Amino acid sequence: MPKNIHKIIFPTAGMGTRFLPATKATPKEMLTIVDKPLIQYGVEEALAAGMGEVVMVTGRGKRSIEDHFDISAELESNLNAAGKVELYETVSRIARMVDVAYIRQKQPLGLGHAVLCAAPWVGDECFGVSLADELILPEAGCKGAMQQLRDIHEQTGGASVIGLARVPDDEVNRYGIVKAHDEDGLLRLDDMVEKPQTDQAPSNMAMIGRYIFTPRLFEILKTTKPGKGNEIQLTDAMCQLAKEEPVYGVIIEGARFDAGNPYGFLVANATLGLQHPKYGEALRKALSQLL
Ligand code: G1P
């Protein structure tokens, strides 16, 4: 039985260029879906999978993420004094749900480099990585995305596991795409390509920002050369990892939104807004008048 995974890395230093100008002074991880920032959805998903030791790899202009997970004494005492019990509970719960460590990625050298920045904090154990702009919500009765990875990690005796989704052919150039084969009912990954052209994609199975890795990944990242976009790509290090030890994929069940771009963000807000107990009904009416 592999050891429990407690640690998870959230790379949050990206510049959010797909969402400018909104992300000029606001981290994309702080964009809200209905009333909660993307990063909080990601952290809640990690906590539900038992990954309670969180490190965020941040960069310039990301202080609001730190503030979000910190105690806001003034706000809490104001809400308390005003008798706003429900809001007080909501706000105070965020700071108390998790202890977060922060590491600065001093230069934007790529996702692989961001993950490597957290190596000293993780040490010699298996760990998770989650990209918060990919919002994945469990459907009724299903487990969260990270828990689904964790189940396969345990089933395989502690192997690396990557979250996948099938995407349309004309979207493969937006993702890392994997080549896989069946191994006793599991998807064993042979190769990965970062953002290939449609005619060069080995499949339409895309990596969707959820990963569990063995610590061997860090050793590989130390010598990974810049790849696509002249950045140190996590995908390139994973290719090497898959040559050295088994790496499995799992098609994630759940509702997925690529909320790091305006269209995916709008769909996420519309979907969750319509499902919301407080706003759903009124939003449905307002939208039906527009259509
Ligand atoms: C990153 C990864 C890519 C993955 C994607 C998921 O790309 O490099 O392999 O498919 O996240 O969202 P980014 O969207 O940060 O360019």
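For the structure itself, consult the block above.
Residue positions within a chain follow its written sequence, with the count starting from 1. Where local features are concerned, this predicted model is filtered to residues with pLDDT of at least 70; where side-chain atom pairs are given and counted, the filter is 80 or more; whole-chain, interface and lining totals use all residues. In computing side-chain values, all of the structure's heavy atoms are included and hydrogens and water are not.

*Asks:* Please clarify how the overall build of the protein chain should be interpreted in this entry.
*Replies:* The helix and strand tally for the protein chain stands at 11 helices and 13 strands. Its C-alpha radius of gyration of 19 Å places the protein chain within 12% of the 19 Å reference for a compact globule of 291 residues. For the protein chain, the spread of C-alpha atoms along the principal axes amounts to about 60 × 45 × 40 Å. Buried residues are those whose accessible area, probed at 1.4 Å on protein chains only, stays under 20% of the maximum for their type, while exposed residues exceed 50% and partly exposed ones sit between those limits. Put simply, the protein chain has 291 residues, and 48% of those count as buried. Only runs of H or I of at least four residues qualify as helices and only runs of E of at least two qualify as strands under DSSP, and these elements are numbered from the N terminus. Computation of the radius of gyration draws on C-alpha atoms alone. For the globule rule, the value is 2.2 Å times the number of residues to the power 0.38.

*Asks:* Sorry if this is basic, but what is going on with the layout of surface pockets here?
*Replies:* One way to see where empty space is left: roll a probe the size of a water molecule over the atoms. In this analysis, the protein atoms alone were mapped onto a 1 Å grid. Cavities are point sets where a 1.4 Å probe fits without being able to get out; pockets are open sets with protein on both sides within 12 Å along at least five of seven lines; lining residues have an atom within 4 Å of a point. Grid points are joined across faces, edges and corners, and a volume is the space filled by probe spheres set on the points. The calculated volume of the largest pocket comes to roughly 1,100 Å³. Mapped by element, the contributors of at least two residues to the lining of the largest pocket are helix 5 (111–117), strand 11 (205–213) and helix 9 (234–244). Broken down by element, the lining of the largest pocket gets its largest block of residues, four residues, from strand 11. When residues are sorted by character, Ala, Val, Leu, Ile, Met, Phe, Trp, Tyr, Cys and Pro go into the nonpolar class, Asp, Glu, Lys and Arg into the charged class, and all the rest, Gly among them, into the polar class. Considered class by class, the residues forming the lining of the largest pocket number 16 nonpolar, 13 polar and 11 charged.

*Asks:* What's the story with the site of the ligand in this structure? I'm lost.
*Replies:* Near the ligand you find L111, L131, E134, Y175, G176, E194, K195, M207 and T235, and these make up its full shell. Pairing of N or O atoms within 3.5 Å defines a polar contact, subject to two protein rules: one partner must be a possible hydrogen donor and the other a possible acceptor, and residues neighboring in sequence count only if both atoms are side-chain atoms. One nitrogen or oxygen atom from the side chain of E194 is found 2.7 Å from an oxygen atom belonging to the ligand. M207 places a polar main-chain atom, nitrogen or oxygen, 2.7 Å from an oxygen atom of the ligand. Here the open area of atoms and residues is found with the Shrake-Rupley method and a 1.4 Å probe, where only the protein chains shown may cover a residue. Relative to its free-state accessible area of 380 Å², the ligand is covered by the protein chains to the extent of 81%. A molecule is said to occupy a pocket when more than half its atoms come within 2 Å of that pocket's grid points, and by this definition the ligand occupies the largest pocket. Tallied by class, residues from the shell around the ligand come to four nonpolar, two polar and three charged. For this purpose, a residue is taken to be near a molecule or strand whenever a single non-hydrogen atom of the residue falls within 4 Å of it. A molecule is counted as occupying a cavity or pocket when more than half of its atoms fall within 2 Å of that pocket's grid points.

*Asks:* Got a minute to help me understand the pairing of strand 1 (residues 7–11) in this structure?
*Replies:* Sheet faces and side chains relate simply in a regular strand, where the side chains alternate between the two faces. When you tally the buried positions in strand 1, you get five out of five residues, the bulk of the element. Covered by surrounding structure in strand 1 are K7, I9 and P11 together with I8 and F10, the residues of both alternating faces. Should DSSP find at least two bridges between two strands, the strands are regarded as paired. In terms of strand pairing, strand 1 meets strand 4 (residues 53–58) through five bridges, oriented parallel. By the bridge assignment, F10 is partnered in strand 4 with M56. As judged from the two bridges shared by strand 1 and strand 6 (residues 127–130), these two strands associate in the parallel manner. Residue pairing across strands places I9 opposite V129, the latter belonging to strand 6.

*Asks:* What's the story with the packing of aromatic side chains in this structure? I'm lost.
*Replies:* The geometry of an aromatic ring pair comes down to the distance between the two centres and the angle between the two planes. Two rings from Phe, Tyr or Trp (for Trp, the six-membered ring) form a pair when their centres sit within 6.5 Å of each other. Planes less than 30 degrees apart are called stacked, planes more than 60 degrees apart edge-to-face, and all others tilted. As enumerated under the stated definition, the model contains four aromatic pairs in all. Judged by centre distance (5.2 Å) and plane angle (85 degrees), the ring pair of F19 and F265 falls under edge-to-face. You can see F19 sitting in the loop between strand 1 and strand 2 (32–33) and its partner F265 sitting in helix 10 (residues 262–275), a full 246 residues away along the chain. Given the relative accessible area of 15%, F265 is considered buried. Considering the side-chain rings of F127 and F213, the 5.9 Å spacing of their centres and the 50 degrees angle between planes classify their relative orientation as tilted.

*Asks:* Looking at this structure, I do not really get helix 1 (residues 38–48). What am I missing?
*Replies:* At 3.6 residues per turn, the α-helix brings residues three or four places apart onto the same side. A large share of helix 1 lies buried, amounting to eight of its 11 residues. If you check which residues of helix 1 are buried, you get L38, I39, Q40, Y41, G42, V43, E45 and A46. Phi turns positive one or two residues past the end of helix 1, at G50, with a value near 80 degrees.

*Asks:* Explanation requested: the side chain of E76 in the structure shown.
*Replies:* Examined against the element boundaries, E76 turns out to sit in helix 3 (residues 73–81). With relative accessibility at 6%, the residue E76 sits in the buried group.

*Asks:* Help me understand the packing of helix 10 against helix 11 (residues 280–290) in this model?
*Replies:* Angle between the axes and distance between the axes are the two parameters that describe a pair of packed helices. Axis geometry follows a simple rule: fit a line to the C-alpha atoms, using only the stretch in contact for helices, then measure angles between N-to-C directions, giving values from 0 to 180 degrees. Contact geometry for helix 10 and helix 11: axes closest at 6 Å, N-to-C directions at 125 degrees. In terms of axis orientation, helix 10 runs oblique to helix 11. For the pair helix 10 and helix 11, the contacting residues are A270, G273 and L274 in the first and G280, L283, R284 and L287 in the second. Looking at the contact of helix 10 with helix 11, its residues break down into four nonpolar, two polar and one charged. Here the angle decides the label: under 35 degrees means roughly parallel, over 145 means roughly antiparallel, 65 to 115 means roughly perpendicular, and every other value means oblique. A contact between two residues is defined here by any heavy atoms of the two lying within 4.5 Å.

*Asks:* Mind showing me how you'd approach the pattern of salt bridges here?
*Replies:* Pairing between side chains of opposite charge can happen when their charged atoms approach one another. Salt bridge, as used here, is a side-chain nitrogen of Lys or Arg placed within 4 Å of a carboxyl oxygen of Asp or Glu. What the rule picks out here adds up to 18 salt bridges. As a salt-bridge pair, E134 and R256 come within 2.8 Å of each other at their nearest N and O atoms. With a gap of 122 residues between them, E134 in strand 7 (residues 134–137) and R256 in strand 13 (residues 255–258) connect regions that are remote in the sequence. By relative accessible area, R256 is classed as partly exposed at 26%. One salt bridge connects E183 with R188, and the closest N-O pair in it is separated by 2.9 Å. Residue classification places E183 among the partly exposed positions, given a relative accessible area of 22%. Residues joined in a network through salt bridges with shared partners are R18, K28, D133, E171, R174 and D258.

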